[in-house]
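# Tertiary structure, described
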Amino acid sequence: MTMTATTVQEIQLEQVSMRYRTDASEVLALQQVSLNIGRGEFVSLLGPSGCGKTTLLRIMADLLQPSEGSVTVAGKSAREARLAQKYGIVFQSPVLYDWRKVKTNITLPLELMGVKKADRERKAAELLELVGLEKFRDKYPWQLSGGMQQRVAIARALAMEPEILLMDEPFSALDEFSRERLNEELLSIWSKVGSTVVFVTHSIPEAVFLSDRVFVLSPHPGRLSAVVEIPLPRPRTQEMRNGPEFFGLIAKIRDSFEGV
Amino acid sequence: MRGRTFLSRGRALPVLVWAVSLLALWELVSWYLLEARHVPLAQSKLPYVHEIVRTMGDYAPTLLKEGRVTFGNAALGFLLGAAAGAALAVLMSASKRIEQLAFPYAIASQMIPILGLAPIIYGIVRDEKLSRILISGYITFFPVALNMLRGLRSVQPSALELMHSYAAKPWSVYWKLRFPASLPGLFGGLKIAAPLSVTGAILVELMGAQHGIGVIMLRNLYYGSSHAYMFWATVIVGALLGVLSYWIISLLERAVSPWQPDFRAKGGAR
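If you're wondering where the values come from, they're calculated on a predicted model, not measured in any experiment.

Tallying secondary structure elements over chain B gives eleven helices and zero strands in all. N-terminal to C-terminal, the α/β element order of chain B is α-α-α-α-α-α-α-α-α-α-α. Projecting the C-alpha coordinates of chain B onto the three principal axes gives extents of approximately 75 × 55 × 30 Å. Looking at chain B as a whole, 41% of its 270 residues qualify as buried. By sequence separation, contacts in chain B at least 24 residues apart represent 72% of the contacts at least 6 residues apart.

Here it is in structure tokens:
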């Protein structure tokens, strides 16, 4: 999906800056970032470490307050959106609770919302099927591989059927093979749930493969240096990774970094 | 559960061999002191194992009855102390202020020698049962509070952020995150405290009680060498009560928090 005049705006950032104060000096982590993300769009925040991409995601999630600028999510503030349970977040590590089995880890947000047990069971079965972990429903997290754990985390993030899925380098700890397979699985899940996805990554191929648009961020200070449309058709397939168009997009993004 | 039986079977044999050799050595040294070297009061120093066992058999009803009194009071004190310790840990984890206020006193309380505190408490309450309960609770309180506080604080920032992102209420954060995360710490504290609470109860009995394993222990010590076997029997019963308390807590831990890293099968299932 590309941005057109008719697209409904989901997330709007205006002139967002973030300063960290240390004893001696002040670090500008983000400098006046403005961007719009449409409803149902899959976008990536791409950049090297220190570019503020995770900070930007955390500001959207209302886990951090920006020093300046405003965040609007579906017409509300980020805080209101969080309290209205509009977010599903997938962190860099799976953050599963050791004392819960796969199934109850997934239904944790439903428990917090007071959803009835029968409904939780039904939703859990549905989500386990979605992420392909039906056989592991009664396992503890430590009995799963890293990739499986991250799939559980994705299922948990989807439990509330969130309007917005925020993902902070969710596959960065995985090997290249698991990562590519999970990229494809994520797209297939996304095509079924249709949430807006904001995906933070430092991998150019990953951003190109997944996204409708890629926001390229550059460091020192963190700023938005380019927005690249990815016109590859959907559904995306592994073969596309070998096509000239794919490589062309990677080159285009690489050229757009400033001051790295 | 297959892994567990395998593990215990693998462990049982060495433990058995150890125990048998240790007892054999004991018996041998005991014989050596008594018959070969003719050491005075040899049976008070290291009595024959078989004689102790026989005495324990002969006096089993007495030992069981007195042991039960000690254990019952210690258990009650232990429960009260554990509840108070856990409650203080929760308060301290909720507020840095309460921690700064309460923690120095909690530490200072541990500086008081139990040997001195026991007669003071007995002098105040004038009841052997209640003194036993209070001392056992007093000993239990600190390790439980300290270890549970550490457990409550062990929660990863990202685990808290997850709760935050779901706009979870403070109560839910405690109930669904901090409490479960504190269980390994809590049980660590309970396992330290359980045998100590038994020891504490016995100590109170030595101050002059009517019932309890400590009472017959002291009595048989006064009777001298003729009662050496019975004295040793009471010491062993006291030790067994401590072991029993530890064992009960361990069983409980396994039932309540089977997910702990300590209980995972070796090598994992990855």
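There is more to say, and it comes next.
Pairing between side chains becomes possible if they bear opposite charge and their charged atoms approach one another. Residue and element names in this part refer to chain A. Applying the stated criterion to the full structure yields 31 salt bridges over all chains. Linking Asp119 and Arg122 is a salt bridge whose minimum nitrogen-to-oxygen distance equals 2.5 Å. Placement of the pair is Asp119 and Arg122 together in helix H5 (residues 117-130), with a separation of three residues, close to one helical turn. Linking Arg151 and Glu185 is a salt bridge whose minimum nitrogen-to-oxygen distance equals 3.4 Å. Taken as a pair, Arg151 in helix H6 (residues 146-158) and Glu185 in helix H7 (residues 176-193) lie far apart in primary sequence, 34 residues in all. A relative accessible area of 23% means that Glu185 is categorised as partly exposed. Each of the salt bridges in this network shares a partner with another, and the network as a whole consists of Lys103, Lys117, Glu121, Arg137 and Asp138.

To continue, consider the sheet that holds strand S8 (residues 196-201) of chain A. For sheets, the rule is that strands pair by backbone hydrogen bonds, running either parallel or antiparallel. Residues and elements named next belong to chain A. Spatially, S6-S7-S8-S3-S9-S10 is the arrangement adopted by the six strands of the open sheet, whose pairing is mixed. Edge strands, defined here as strands with exactly one partner in the open sheet, are strand S6 (87-90) and strand S10 (223-229). Averaged over all adjacent pairs, the angle separating strand axes in this sheet is 15 degrees, with direction ignored. Sheet strands in contact with H6 are S6 and strand S7 (164-168), and its direction is about 170 degrees off that of S6.

Residue and element names in this part refer to chain A. Where strand S1 (residues 9-21) lies against strand S2 (residues 26-38), nine bridges are found, and the strand directions are antiparallel. The residue of S2 that forms the bridge with Val16 is Val33. Adjacent in sequence and paired antiparallel, S1 and S2 are bridged by four residues. Judged from the five bridges that link them, S1 and strand S4 (residues 68-73) form a sheet pairing that is antiparallel. When the bridges of S4 are listed, Gln12 appears paired with Thr72.

All names here are of chain A. With 14 residues, H5 extends 20 Å between its outermost C-alpha atoms, agreeing within 8% with the 20 Å of an ideal straight helix rising 1.5 Å per residue. By the burial criterion, the buried members of H5 are Arg120, Lys123, Ala124, Leu127 and Leu128. Buried residues along H5 cover an arc of 135 degrees about the axis, so they all sit on one side. The exposed set on the far side of H5, more than 90 degrees from its buried face, consists of Ala118, Arg122 and Glu129. In the core, the buried residues of H5 are packed alongside helix H3 (102-106), helix H4 (108-112) and H6. Directly after H5, the chain includes Gly132, whose backbone phi takes a positive value near 70 degrees.

In this section: the environment of Pro170 of chain B. Mapping Pro170 of chain B onto the fold places it in helix H9 (residues 170-206). Through-space distance from the C-alpha of Pro170 of chain B to that of His211 of chain B is 47 Å; in sequence the pair is 41 residues apart.

Before going further, it helps to examine the nonpolar core. Most often, soluble globular proteins keep nonpolar side chains buried together rather than apart. Within the largest apolar cluster, 68 residues are counted, with the highest numbers of intra-cluster contacts made by Leu56, Met60 and Val198 of chain A. The element contributing the most residues to this core is H9 of chain B, with ten residues. Those residues within four positions of Val198 of chain A in sequence are excluded, and the remaining contacts are Ile11, Ile37, Val43, Leu45, Leu57, Met60, Leu165, Leu166 and Met167 of chain A. Ranked by size, the runner-up nonpolar core spans 48 residues in total, among them Met167, Phe199, Ile204 and Phe246 of chain A.

Here H9 of chain B is 37 residues long, yet its end C-alpha atoms lie only 47 Å apart, well below the 54 Å a rise of 1.5 Å per residue gives. The largest bend in H9 of chain B comes to about 45 degrees, at Leu183 of chain B, with the proline Pro184 of chain B one to four residues further on.

Moving on, we come to the interface of chain B and chain A. On the side of chain A, 25 residues touch chain B, which itself brings 22 residues to the contact. Summing the contributions of chain B and of chain A, the shared interface buries around 2,300 Å²; its carbon and sulfur component is 64%. Taken together, the connections running from chain B to chain A amount to three salt bridges. Between Glu111 of chain A and Lys176 of chain B there is a salt bridge, and its shortest N-O distance comes to 2.8 Å.

One open sheet accounts for four strands, arranged S2-S1-S4-S5 (chain A); its pairing is antiparallel. Strands with a single pairing partner mark the edges of an open sheet, and in this sheet they are S2 and strand S5 (76-77) of chain A.

All names here are of chain A. By the element assignment, Asn105 lies in helix H3. The class for Asn105 is buried, based on a relative accessible area of 0%. Side-chain polar atoms of Asn105 contact the backbone oxygen of Arg100, separated by 2.9 Å. The contacts of Asn105, once residues within four sequence positions are left out, are Leu96, Tyr97, Arg100, Pro141, Val152 and Arg156.

Cut-offs used in this document
Residues numbered from 1 in each chain as written. Chains lettered and ligands numbered in written order. Predicted model: local features only at pLDDT ≥ 70, side-chain atom pairs only at ≥ 80, totals over all residues. Heavy atoms only, no water. Helix = DSSP H or I, 4+ residues; strand = E, 2+ residues; numbered from the N terminus. Buried < 20%, exposed > 50% of the residue type's maximum accessible area, 1.4 Å probe, protein only. Contact = heavy atoms within 4.5 Å. Salt bridge = Lys/Arg side-chain N within 4 Å of Asp/Glu carboxyl O. Pairing = 2+ DSSP bridges. Axes fitted to C-alpha atoms, helices over the stretch in contact; angles between N-to-C directions. Expected span 1.5 Å × (residues − 1). Arc of directions from axis to C-beta. Core = buried A, V, L, I, M, F, W, Y, C linked by side-chain atoms within 4.5 Å. Bend = angle between axes of the 7 residues up to and from the residue. Buried area = accessible area lost by both parts, 1.4 Å probe. Polar contact = N/O pair within 3.5 Å; in protein donor to acceptor, adjacent residues only side chain to side chain.

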